[in-house]
Amino acid sequence: MTNQTMEEMNTQMSSNTRRGLLVLNCVILAIGNCAGPLVMRLYFVRGGKRIWFSSWLETAGWPFILIPLIIIYMRRRSKKGSNAELFFMKPRLFGCSVVIGILTGLDNYLYAYGVAKLPVSTSALIIASQLAFTAVFAYFLVKMKFTSYSVNAVFLLSIGAGVLALHTSSDRPANESSQEYYLGFFMTIAAAVLYAFILPFIELIYMKAKQAITYTLVLEMQMVVCFFATIFCTVGMLVNNDFQAIPREAKEYELGEAKYYLVVVLSGMIWQCFFLGELGVVFSASSLVSGIVIAVLLPVTEILAVIFFAEKFQAEKGVSLALSLWGFVSYFYGEIQDNKRKKNPTPETQLLQTPNP
């Protein structure tokens, strides 16, 4: 973090605690990032057709966040009594969370549309380009510095998405028109770009919050963001008459009505893991690290999609995956080298950092 306020907040938490939170949130993010697309795709391939409903499910599990918040509040109340604060979020941060929630609701729809039209292995590769966009937005919003390695990673990830765009005919499902497929392709790219903006925007809000950012506050933000994202998608469902169609769709679902509702509930729970983990990683590290974790999980999602949905893994997907992995390695190698330079500065670097008398 380059902002002084952020540095002061970082000192409030020991490095071991922050590292432990980072690992925990990475695990939570991994569960949501890998399982979320698979459960969403299962909904569509077995007879689900409601895109607004599917996007609504991505954040409809927000009430689950009340459980840890209530536990934390009861512990706080046992120590402070009636003086314990019910919420830490101030109006400024609440307003920013509302904006993020609306943007997240829009992104949910764009992403759900892509998953409805594309195989998981294809949509996951497109979403991997999010890291490139995140790096660009992080540069402008939070002054994240570019290195030759990060520029190389951005270039490789962009080329990887381009390879998929040029070779899509063999990947299109048999019952889907070319127009629907290409629309799903570009909607997924739009989802990647929008979410790449949201991540550093959240980091910027942390920097400008004018209050200490604690993990409890992150949970409160998560609840507000998901609540307003759900409201956004609820409006779409009302316009599209999804609520009336759900009972009929459940009865016609290929796996049966009971499993339809099981898929729906699992989807809501798993996507909460994604959003909670993503906000937690931004809190524990940075928006770019969050984007990297999402991108690094790409091979896992690819393998799971091939196993569970018997999706084809054509040559262009292999090239795109190789370019993406190359980009990840390039970025991580650059981060390792940068950390080494900071720990062991050269005489030239020390001379440059020495203030003039």
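Residues numbered from 1 in each chain as written. Predicted model: local features only at pLDDT ≥ 70, side-chain atom pairs only at ≥ 80, totals over all residues. Heavy atoms only, no water.

1. As for the overall build of the protein
In plain terms, the rule: What counts as a helix is a DSSP run of H or I of at least four residues, what counts as a strand is a run of E of at least two, and both are numbered from the N terminus. Using a 1.4 Å probe on the protein chains alone, a residue whose accessible area is under 20% of its type maximum counts as buried, one over 50% counts as exposed, and one in between counts as partly exposed. Contacts are residue-level and defined by heavy atoms, with any inter-residue pair within 4.5 Å sufficient. Accessible areas in this description were obtained via Shrake-Rupley with a 1.4 Å probe; residue shielding takes into account the shown protein chains only.
A tally of helices and strands in the protein yields 16 helices and zero strands. Across the 357 residues in the protein, those meeting the buried criterion constitute 51%. Contacts in the protein between residues far apart in sequence, at least 24 positions, make up 85% of those at least 6 positions apart. Accessible surface for the protein amounts to roughly 17,300 Å². Of this, 66% is attributable to carbon and sulfur atoms.

2. Details of the side chain of Thr230
For Thr230, the position within the fold is in helix H10 (residues 215-239). Aside from chain neighbours lying at most four places away, what touches Thr230 is Trp56, Thr59, Ala60 and Trp62.

3. Notes on empty space enclosed by the protein
The condition is simple: Cavities and pockets are defined on a 1 Å grid built over the protein atoms alone: a cavity is a set of grid points where a 1.4 Å probe fits but cannot escape, while a pocket is an open set with protein on both sides within 12 Å along at least five of seven lines, and lining residues are those with an atom within 4 Å of any such point. Grid points are joined across faces, edges and corners, and a volume is the space filled by probe spheres set on the points. Residues are sorted three ways: Asp, Glu, Lys and Arg are charged, Ala, Val, Leu, Ile, Met, Phe, Trp, Tyr, Cys and Pro are nonpolar, and all the rest, Gly among them, are polar.
Under the criterion given, the structure shown has four cavities of 30 Å³ or more. Size it by volume and the largest cavity reaches roughly 280 Å³. Forming the walls of the largest cavity are 23 residues, and the residues nearest its centre are Asn33, Tyr111, Ile127, Phe274 and Ile294. If you list the elements that add at least two residues to the lining of the largest cavity, you get helix H2 (15-45), helix H5 (91-117), helix H6 (120-127), helix H9 (178-207), helix H12 (257-284), helix H13 (287-296) and helix H14 (298-309). For the lining of the largest cavity, the class distribution of residues is 15 nonpolar, six polar and two charged. Estimated volume of the second largest cavity: approximately 50 Å³. Considering the residues around the second largest cavity, the lining is formed by Ile100, Thr104, Tyr195, Ile198, Ile202, Gln222, Val225, Phe275, Glu278 and Leu279. Counting residues per element, the ones that place at least two in the lining of the second largest cavity are H5, H9, H10 and H12.

4. Regarding the packing of H6 against H9
Selection rule: A fitted line through C-alpha atoms represents every axis, and for helices the fit uses only the stretch in contact; the resulting angles, taken between N-to-C directions, go from 0 to 180 degrees. Handedness of a helix crossing follows the sense of rotation of the near helix relative to the far helix, less than a right angle counterclockwise being left-handed and clockwise being right-handed.
For the pair H6 and H9, interaxial distance at closest approach is 9 Å and the crossing angle is 35°. In this structure, H6 meets H9 at a crossing whose hand is right-handed. Two secondary-structure elements touch here, H6 through Thr122, Ser123, Ile126 and Ile127 and H9 through Tyr181, Phe185, Thr188, Ile189 and Ala192. Class assignment for the residues of the contact of H6 with H9 results in six nonpolar, three polar and no charged.

5. Section: the pattern of salt bridges
As a working rule, side chains carrying opposite charge can pair if their charged atoms are close by. Spelled out, the test is: The term salt bridge refers to a pairing of a side-chain nitrogen on Lys or Arg with a carboxyl oxygen on Asp or Glu at a separation within 4 Å.
For the structure on display, the rule yields three salt bridges. With a closest N to O distance of 3.5 Å, Arg46 and Glu254 form a salt bridge. Taken together, the positions of Arg46 in the loop between H2 and helix H3 (51-57) and Glu254 in the loop between helix H11 (242-252) and H12 put the pair 208 residues apart, joining distant regions of the chain. Taking the shortest distance from any N to any O, the salt bridge between Glu180 and Lys117 comes out at 3.6 Å. Of this pair, Glu180 sits in helix H9 while Lys117 sits in helix H5; the two residues are 63 residues apart in sequence, bridging distant segments of the chain. For Glu180, a relative accessible area of 30% puts it in the partly exposed group. Of the residues examined, Lys117 reaches a relative accessible area of 15% and is grouped as buried.

6. Some words on H14
Side chains that are three or four residues apart share a direction in an α-helix, a result of its 3.6 residues per turn. Rules: The span you would expect from a helix comes to 1.5 Å times its residue count less one. Picture the helix axis, draw a direction to every C-beta atom, and the arc is the one those directions span.
Taking 1.5 Å per residue, twelve residues should reach 16 Å; H14 reaches 16 Å between its end C-alpha atoms and fits that length. Considered for burial, the residues of H14 that qualify are Leu298, Thr301, Glu302 and Ala305. Down the axis of H14, the buried side of the element spans an arc of 105°, and every buried residue falls inside it. In H14, the exposed residues that point more than 90 degrees away from the buried face are Ile303, Ile307 and Phe308. Of the residues one or two after H14, Ala310 is the one with positive phi, at around 50°.

7. Structural notes on the environment of Ser286
For Ser286, the location among the structural elements is in the loop between H12 and H13. Ser286 gets classed as buried once you look at its relative accessible area, which sits at 10%. The spatial distance from the C-alpha of Ser286 to the C-alpha of Glu203 is 6.8 Å, given a sequence separation of 83 residues.

8. A few points about the confidence of the model for the protein
Rules: pLDDT runs from 0 to 100 and stands for how confident the predictor is about each residue.
Overall, the predicted model of the protein reaches an average pLDDT of 83, with 87% of residues at or above 70. Per-residue pLDDT stays below 50 along residues 1-12; that stretch engages in 24 contacts with residues further than four places along the chain or on separate chains.

9. Notes on a nonpolar patch on the surface
Rule in force here: The patches reported here contain residues having more than 30% relative accessible area and no salt bridge. Joining distances are 9 Å for like charges and 5 Å for nonpolar side chains (Val, Leu, Ile, Met, Phe, Trp, Tyr).
A cluster of nonpolar side chains, namely Phe64, Ile67, Ile71, Val265 and Met269, defines an oily patch on the protein surface of about 470 Å² accessible area. At the level of secondary structure, the elements contributing two or more residues to the nonpolar patch comprise helix H4 (66-80) and H12. Counting through the fold element by element, Phe64 comes out in the loop between H3 and H4.

10. Overview of the packing of aromatic side chains
Where we set the bar: Two rings from Phe, Tyr or Trp (for Trp, the six-membered ring) form a pair when their centres are within 6.5 Å of each other. A pair whose planes differ by under 30 degrees is stacked, one over 60 is edge-to-face, and the rest are tilted.
Counting across every chain of the model gives 24 aromatic pairs. Ring geometry for Tyr43 against Phe44: centres 4.9 Å apart, planes inclined by 75°, an arrangement best described as edge-to-face. There is no split in this pair, since Tyr43 and Phe44 are both buried. Taking the centre distance of 6.0 Å and the plane angle of 50° together, the rings of Tyr215 and Phe283 count as tilted. On the criterion of sequence distance, the pair formed by Tyr215 in helix H10 and Phe283 in helix H12 is long-range, its members being 68 residues apart. Taken as a pair, Tyr215 and Phe283 share a single burial class, namely buried. Put simply, the rings of Tyr43, Phe44, Phe53, Trp56, Phe243, Tyr253, Tyr260 and Tyr261 pair up and form one aromatic cluster.

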